[in-house]
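Here's the letter readout for the chains.
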Amino acid sequence: MAEMDEPMVVEGGCGGSCEWEGRWNHIKKFLERSGPFTHPDFEPGTESLQFLLQTCRVLVIGAGGLGCELLKDLALSGFGKIDVVDMDTIDVSNLNRQFLFRPKDVGRPKADVAADFINSRVPGCHVIPHFKKIQDLDERFYRQFHIIVCGLDSIVARRWMNGMLLSLLVYEDGEVDQTSVIPLIDGGTEGFKGNARVILPGVTACIDCTLELYPPQINFPMCTIASMPRLPEHCIEYVRILQWPKEMPFGDGVALDGDDPEHIQWVFQRSLKRAAEFNITGVTYRLTQGVVKRIIPAVASTNAVIAAACTTEVFKLATSAYVPLSNYMVFNDVDGLYTYTFEAERKENCSACSQVPVDLHFPPSSKFQQVLEYLTESTSLQMKSPAVTATVEGKSKTLYLQSVASIEQRTRPNLSKSLKELGLTDGQELAVADVTTPQTMLFRLCFTS
Amino acid sequence: MAATKDSKEQKYDRQLRLWGDHGQEALENAHVCLINATATGTEILKNLVLPGIGAFTIVDGHIVSGEDAGNNFFLSSDSIGKNRAQAATELLQELNSDVSGNFVEESPDKLLDNDPEFFHRFTIVIGVQLPESTCLRLGMVLWSASVPFLICKAYGLIGYMRLMVQEHTVIESHPDNALEDLRLDRPFDEFKSHIKSYNLSIMDKKDHSHTPWVIIVAKYLERWLSEHDGQPPKNYKEKEAFRQIIREGILKNENGGLEDEENFEEAIKNVNTALNPTKVPTSVEDLFNSEQCNNITAQSSSFWVMLRAVKEFVYNEGSGSLPVRGSIPDMIADSQKFINLQNVYREKAMQDAAAVSKHVESLLQSVGKPPESISEKDIKLFCKNSSFLRVVRCRSLAEEYSVDSINKDEITSRMDSPDSEMVFYLMLRAVDRFYQLHSRYPGFRKSLRISGAF
């Protein structure tokens, strides 16, 4: 395959290698005949396949473990126009499952290499790569697609995508305009476990409706890390959280990079020392890396299963030929094989999709800090670093913002002021921005006595 | 091109965190046979080649058709007209240079006719889209050679997998949710004396708040037992009363309010599971009662010898319990108290493993094998995992297909349930039977002529 600096632009045909006798026989059996599993409204015909090959636009988010599998499955299922977004470059540890990449590709953008591989192996399929963060693309980009399928490794990113598709919805007389709904198929895996879900934004349960399903992240208490370590993990966290910022071993302001073996080696050696002080055994290089990078174990087979399930749903929705999954499947093959499907329900007051402004109940004497704590700690909101703005005395006022140092400093005193002191009133609207959602969320402040 | 240990550790890092070095070693010693490089077959093999099996061999007499090249990622349009085994091997091989790929351009029926022992060399044989007669013939050969056989079929939206393995033993089953082995209901001597070394009533505040919950429960349990005729809390009411007694042990501050003692909260929270009686899991009891355990011969695998040794231990030194596991969960405590407690369990585990070792030695001697045939390391690992041992046994294909073994009532009752897959099973059997009779699959309107095939 020739090295290319620019993405391959292919106009229409690609010579004789694009079509051959019998190429789509298997797909045709699904679409040109009815059967006991076809959708009751389905009319067999040849148009569906043409739609997949030439018209339907699918967006794949992520070109990693799930992404590679999704691209393969979609391409072989007849989808001819696929876009893929991924902000990462290829690492050696990806090669045990991200099979579109080879040792020579290490360091290159995943989206680019994945697209090249599929375009080459599946002639006629056009995959367009985007080496970007999902947040770098806007609604004009996302609006182009018929279906979006996610193979992400972060809940924050999922919520962002979820929020983006919700923001595209058009409402007529309180009802969702069906043509503005872009289905979101979401897959996730971890070791031998995985899940696949079908989301129709504004119609079925969204990511935020079921936020409580995600297990909480394990964080060790500070006193354990600082003065009472018992496990090797505690020793590693001590070095990461306390020793590194103090010693800045690789230069002032140089942050710990989990992908830099020298950094990990430094943490490993210091963790061994710490552990020795307390007679703790078990600190290894592998454990050190796992703790610092919060590594999630991964294998090819789980990704293959979940991606296949997701692709099947994309196929069903694109062709309307089969009854889609309704709507959440879990899979686990740690011990034998277990799978279960249930219908996740919409949450009545979902902060993302219910269109109902979320009420915040606080006495006017409570400190603003308490409101922020609620936004981050409540299981239904789980915000990361919310920025809050309100209209006070006719003027828009930023009450607190963490991400810009100068503004953080300026607004920090507000944290210890009471809501009354800040000039906030009962029924006041608060606009909150956060990484978990592309749009500002509106809350209504309700004073309690 | 040989991968260094380091580069393999890096490449396989994410999977090593699941099955460890032992699992990886077993994988790298495996030679997998795939019969029929269909899309299903190559997909299965992909997921084995990527994690680094030692070798694979594809057996396939078919020529690649246009249809094959259209749905199989490991065939290209260039492969059309070539032998399918060879074409797929090339594209699968390049997924991982650590793996050795081979192919045999032959139908499995021919191999069964001329050289059935060909299949004896494999760790597992995977048969995809095989006709019923081939499955049964191959099943017989593999069953008598004790080679596991995985049969797979895919028809549209229905998939089918049938595993045929006589006996597969698992020592490290990596269970998801394991109950802890704390022995609070039957504390061993060293644990008892460790508990004795604590006196909650005279401890200073810092020590009191950093005493492991296991010690707290043990102390209060001792008191309860002495007050209840040696009977531990059994029902909800008694456990609740027990929790309350522990709650009353929380230190009070000057105002009479409770101090923040997280370790006591942990103790209260763990009362339920901590009071579970220590016993040999039923699954392990069943293994103790099996033929292979009770009849150790020179042919017995090390799994059964070690299991028998553990059984002997349970009935002797163990006084009805398995060897102590040796690991304890993290709990609020200062480092020293935690490490000391952990060491009590670790040392007991080592003692128990040594006792099991002696049984292993005498068993080996009794069948004329040297004591070194099973290493200390393996025995320790076995003991640590003794609660989680698993043996998988499946019946032969011949038995499944035999008219005598049909469970008519069970089958018909399941057919009435809308959620049952029994209907699919029967349909798949019917499809296979149709193929045997008509040499084509139902639904094929044209007769397909594929050279070299059935």
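Owing to the predicted nature of the structure, the values given are computational and were not obtained by experimental measurement. (Residues numbered from 1 in each chain as written. Chains lettered and ligands numbered in written order. Predicted model: local features only at pLDDT ≥ 70, side-chain atom pairs only at ≥ 80, totals over all residues. Heavy atoms only, no water.)

Draft legend 1. Representation of the packing of helix H11 (residues 236–248) of chain B against helix H12 (residues 262–274) of chain B. Residue and element names in this part refer to chain B. H12 packs onto H11 with a crossing angle of 170 degrees between their chain directions and a minimal axis gap of 10 Å. In terms of their interaxial angle, H11 and H12 are classed as roughly antiparallel. Of H12, the residues touching H11 (which contributes Lys239, Phe242, Arg243, Ile246 and Arg247) are Phe264, Ala267, Ile268, Val271 and Asn272. (Axes fitted to C-alpha atoms, helices over the stretch in contact; angles between N-to-C directions. Helix = DSSP H or I, 4+ residues; strand = E, 2+ residues; numbered from the N terminus. Parallel < 35°, antiparallel > 145°, perpendicular 65-115°, else oblique. Contact = heavy atoms within 4.5 Å.)

Draft legend 2. Seen up close, the domain arrangement of chain A. Along its sequence, chain A is carved into domain 1 (22–190 + 296–324), domain 2 (220–291) and domain 3 (356–445). Taken over C-alpha atoms, the centre of domain 2 of chain A sits 35 Å from the centre of domain 3 of chain A. (Domains from an automatic or database assignment.)

Draft legend 3. The sheet that holds strand S12 (residues 387–392) of chain A, seen in detail. Residue and element names in this part refer to chain A. Across the sheet, which stays open at both edges, the five strands sit in the order S11-S15-S14-S12-S13 with mixed pairing between neighbours. Among the strands making up the open sheet, the edge pair consists of strand S11 (358–362) and strand S13 (395–400). For this sheet, the mean angle separating the axes of adjacent strands, direction not counted, is 35 degrees. Direction of pairing for S12 relative to strand S14 (residues 429–434): antiparallel, over a ladder of four bridges. Bridging across to S14, Thr389 finds its partner in Ala431. Here helix H12 (residues 368–377) sits on the sheet in contact with S11, S12, S13, S14 and strand S15 (437–447), set at roughly 140 degrees to S11. (Pairing = 2+ DSSP bridges.)

Draft legend 4. Representation of the packing of helix H8 (residues 232–247) of chain A against helix H10 (residues 285–293) of chain A. All names here are of chain A. With their axes 10 Å apart at the nearest point, H8 and H10 run at an angle of 60 degrees to one another. If you check the angle between H8 and H10, you find them oblique. As for the relative orientation of H8 and H10, their crossing is right-handed in sense. Note on element contacts: H10 touches H8 through Leu287, Thr288, Val291 and Val292, opposite Pro232, Glu233, Ile236, Glu237 and Arg240. (Left-handed = near helix turned anticlockwise from the far one by under 90°.)

Draft legend 5. Molecular detail of the pairing of strand S1 (residues 31–35) of chain B. Residue and element names in this part refer to chain B. When you tally the buried positions in S1, you get four out of five residues, the bulk of the element. Where S1 and strand S2 (residues 55–59) come together, five bridges link them in parallel fashion. In the strand pairing of S2, His31 is matched with Ala55. Pairing of S1 with strand S4 (residues 124–128) involves four bridges; the strand directions are parallel. (Buried < 20%, exposed > 50% of the residue type's maximum accessible area, 1.4 Å probe, protein only.)

Draft legend 6. Quick peek at the sheet that holds strand S10 (residues 338–342) of chain A. All names here are of chain A. Taken in spatial order, the eight strands of this open sheet run S3-S2-S1-S4-S7-S8-S9-S10, and their pairing is mixed. The open sheet terminates on both sides in strands that have one partner only, identified here as strand S3 (126–130) and S10. Each strand of the sheet is rotated relative to its neighbour by a mean of 15 degrees, with strand direction disregarded. Bridge count between strand S7 (residues 184–190) and strand S8 (residues 193–199): seven bridges; the pairing is antiparallel.

Draft legend 7. Highlighting the UniProt feature "active site" (unreviewed entry) in chain A. Residue and element names in this part refer to chain A. When the UniProt feature table is mapped onto this chain numbering, "active site" (unreviewed entry) sits at Cys223. With respect to the element layout, Cys223 can be found in helix H7 (residues 222–227). Judged by relative accessible area, which is 46%, Cys223 ranks as partly exposed. (UniProt positions renumbered as here; feature names shortened; annotations may be inferred.)

Draft legend 8. Representation of the interface of chain B and chain A. With 52 residues of chain B in contact, the opposing surface of chain A contributes 58 residues. Three residues, B:Arg14, B:Arg17 and B:Phe73, lead the burial of chain B against chain A; their summed loss comes to 19% of the area buried on that side. At the junction of chain B and chain A, the tally comes to nine salt bridges. Close ionic contact of A:Arg121 with B:Glu94 constitutes a salt bridge, the shortest N to O distance being 3.6 Å. Counting across the chain B and chain A interface gives 21 residue pairs in polar contact (both at pLDDT 80 or more). Per-element tally for the side of chain B that touches chain A: the top contributor is helix H2 (residues 13–28) of chain B, with eight residues. When grouped by side-chain class, the residues that make up the side of chain B that touches chain A number 22 nonpolar, 14 polar and 16 charged. (Buried area = accessible area lost by both parts, 1.4 Å probe. Salt bridge = Lys/Arg side-chain N within 4 Å of Asp/Glu carboxyl O. Polar contact = N/O pair within 3.5 Å; in protein donor to acceptor, adjacent residues only side chain to side chain. Nonpolar A, V, L, I, M, F, W, Y, C, P; charged D, E, K, R; others polar.)

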